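Chain by chain, the residues run as shown.
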Amino acid sequence: MVVIDPLRIVLVTPRNPLNIGAVARAMSNFGFTQLRLVNPYDVAFKEARSAVNAHYVLENAEIFATVAEAVADCGLVTGTTSVGHRDLHLPLYRLEPAGEIIRENLSAEKPVALLFGSEKFGLSNEDMSHCHWLLRIPSREEHGSINLGQAVAICLYELRRSSQAAAQRFAPAPTASAEELERITSLLLHLLNHSGYLNPTTAESSELKIRRLVRRLGLPATDAVTWLGIFRQILWKLGKTESP
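Since we're looking at a predicted model, the values are computed, not measured.

**Student:** Where do I start with helix H10 (residues 203-216) in this structure?
**Tutor:** Along an α-helix, residues three or four apart share an orientation, since each turn contains 3.6 residues. With 14 residues, H10 should cover 20 Å at 1.5 Å per step; its first-to-last C-alpha distance of 20 Å lies within 8% of that length. The complete set of buried residues in H10 reads Ser-206, Ile-210 and Val-214. End-on, the buried residues of H10 take up no more than an arc of 70°, which puts them together on one face. Opposite its buried face, H10 presents the exposed residues Glu-204, Lys-209 and Arg-216, each directed more than 90 degrees away. On its buried face, H10 is in contact with helix H9 (178-195). In the segment just after H10, Gly-218 is the residue with positive phi, at about 60°.

Shown next as structure tokens:
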């Protein structure tokens, strides 16, 4: 079965081979394959080295001279920006709602293009003029832009993110039985008695507090076995026998 990838990741004038490789790796991680480069630095593209297990993304990447050519077959074109002080003249969305819009359009007949600018300058006003709207990854304004490879990875994660899947949790580990908790309590009280922690005049109330404390811990069954072993070892080192 051939899987059709409706998303085009478009890098405009990328300069750093490590970033190009990181983009390819992120695409492979999240199941996207269609990489397009606009006027890349030739040396940077040829020397991309960090695309571990994602060489096929680079091998199949398409190179275009202009943004217009790179997005010509796309029904939706979205650009990424750190905003800065520019007057964008385009709708701007945070990544979360932008991701939802892109996901809805990925099932359309025409591909969706997601543009990323060069590491040094980002997308130019001319590049943005080819976009229907822009998105911004929420980050500290004091820090400026995000690394190209990281920005692509964050955006692709958002596109693959599923609130339904995120709500799923691992099955909780089996908890310790009442018998195991009582055994832990007994050994702990035995140790505390020998250490002098328990005051004979308040021993009864202290025992109740410690019994409640042990149960509030919500110990998994495997941890209960470990604690029993620890307490027994301490008693053995102290030369004390285990309490009946």
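Moving on, there is more to tell.
**Student:** Would you mind going over the nonpolar core with me for this structure?
**Tutor:** Core analysis: the largest hydrophobic core is formed by 32 residues, its most contacted members being Leu-7, Ile-9, Leu-11, Leu-35, Ile-102 and Phe-116. Of all the elements in the fold, those that place two or more residues in this core are strand E1 (7-12), helix H1 (17-29), strand E2 (35-38), helix H3 (55-59), helix H5 (95-105), strand E6 (112-116), strand E7 (133-136) and helix H7 (148-160). Here the element with the most residues in this core is H7; it accounts for 6 residues. One finds Val-67, Val-77, Met-128 and Leu-134 within the second-largest nonpolar core, a separate group that totals 17 residues.

**Student:** Got a minute to help me understand the pattern of salt bridges in this structure?
**Tutor:** Two side chains bearing opposite charge may form a pair once their charged atoms approach each other closely. Per the counting criterion, the structure on display carries 8 salt bridges. Among the ionic contacts, a cluster of salt bridges with common partners joins Glu-182, Glu-207, Arg-211 and Arg-215.

**Student:** What's the story with the pairing of E2 in this structure? I'm lost.
**Tutor:** If a strand is regular, its side chains alternate between the two faces of the sheet. Of the two faces of E2, the one lined by Leu-35 and Leu-37 and the one lined by Arg-36 and Val-38 are each fully buried. Note that E1 and E2 share 4 bridges and pair parallel. Paired with Leu-11 across the strands is Leu-37, a residue of E2. What joins E1 to E2 is H1, and the crossover it makes is right-handed. As judged from the 3 bridges shared by E2 and strand E3 (residues 62-64), these two strands associate in the parallel manner.

Here is what the cut-offs are and how they apply
Position numbers for residues start from 1 in each chain and track the written sequence from start to end. Residue-level local features of this predicted model are given only where pLDDT is at least 70; pairs of side-chain atoms are given and counted only at 80 or more, and the full residue set underlies all totals for whole chains, interfaces and linings. With hydrogens and water stripped out, all remaining heavy atoms of the structure feed into the side-chain values. A helix here means a DSSP run of H or I that spans at least four residues, while a strand means a run of E at least two residues long, and both kinds are numbered starting from the N terminus. In a helix, the anticipated span is given by 1.5 Å times the number of residues less one. Burial here depends on accessible area, computed with a 1.4 Å probe over protein chains only, as a share of the maximum for the residue type. Under 20% is buried, over 50% is exposed, and the range in between is partly exposed. Note: the arc covers the axis-to-C-beta directions of the helix. Throughout, a residue-residue contact means that at least one pair of heavy atoms, one from each residue, lies within 4.5 Å. Grouping buried Ala, Val, Leu, Ile, Met, Phe, Trp, Tyr and Cys residues that are joined through side-chain atoms within 4.5 Å yields what is termed a nonpolar core. Counted as salt bridges are all cases of a side-chain nitrogen of Lys or Arg within 4 Å of a carboxyl oxygen of Asp or Glu. Pairing between two strands requires that DSSP report at least two bridges joining them. The path from the first strand over the helix to the second decides the hand: if it runs clockwise while the strands point away from the viewer, the crossover is right-handed.

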